[in-house]
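Overview (structure and organization)
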Amino acid sequence: MNAPYPPPPPPPAVGRDRTTLWGVLGIVLGLICCGFLGIVFGYLSIRDAKRFGKSPVLGWIAIALGVLNIIGNAIWRATGHGMYWYR
């Protein structure tokens, strides 16, 4: 006797899927200027990815680039090269 087939996965949630939008915005902002916004948009991308059953890779990349931006800016300013750190 064969075991019955597993039930199909639930349908995706109804609404607007902005997973890619949040991920790309997070990557661009986290890489270029605003590490904090990169982290926020990365979180939003991961949240929507879980909600709509998509891959959260763009969100994780955005968070990583946001953290690297914050660390890089801290090092840059600590070495005296920041905009307000002239001697």
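For the structure, see preceding data.
Reading the values: the criteria
Residues numbered from 1 in each chain as written. Predicted model: local features only at pLDDT ≥ 70, side-chain atom pairs only at ≥ 80, totals over all residues. Heavy atoms only, no water. Helix = DSSP H or I, 4+ residues; strand = E, 2+ residues; numbered from the N terminus. Buried < 20%, exposed > 50% of the residue type's maximum accessible area, 1.4 Å probe, protein only. Contact = heavy atoms within 4.5 Å. Areas by Shrake-Rupley, 256 points an atom, 1.4 Å probe, with all protein chains shown as cover. Axes fitted to C-alpha atoms, helices over the stretch in contact; angles between N-to-C directions. Parallel < 35°, antiparallel > 145°, perpendicular 65-115°, else oblique. Left-handed = near helix turned anticlockwise from the far one by under 90°. Nonpolar A, V, L, I, M, F, W, Y, C, P; charged D, E, K, R; others polar.

Further remarks concern the overall build of the chain. Summing up its helical and strand segments, the chain has three helices and zero strands in all. A burial count over the chain gives 25% of its 87 residues as buried. The long-range share in the chain, meaning contacts at least 24 apart out of those at least 6 apart in sequence, stands at 59%. For the chain, the exposed surface amounts to about 6700 Å²; the carbon and sulfur share of it is 72%.

As a further point, take the side chain of Ser 45. Counting through the fold element by element, Ser 45 comes out in helix H2 (residues 35-52). Using a relative accessible area of 0% as the deciding quantity, one classes Ser 45 as buried. In this structure, Ser 45 is in contact with Thr 19, Trp 22, Gly 23, Leu 58 and Gly 59, ignoring residues within four places of it in sequence.

Let us now look at the packing of helix H1 (residues 19-32) against H2. Running from N to C, H1 and H2 cross one another at 160°; their axes reach a closest spacing of 7 Å. Comparing the axis directions of H1 and H2 gives the class roughly antiparallel. You can see that H1 and H2 cross each other, and the crossing is left-handed. Note on element contacts: H2 touches H1 through Gly 35, Leu 37, Gly 38, Phe 41, Leu 44, Ser 45, Asp 48, Ala 49 and Phe 52, opposite Thr 19, Trp 22, Gly 23, Leu 25, Gly 26, Leu 29 and Gly 30. Residue classes in the contact of H1 with H2 are distributed as eight nonpolar, seven polar and one charged.

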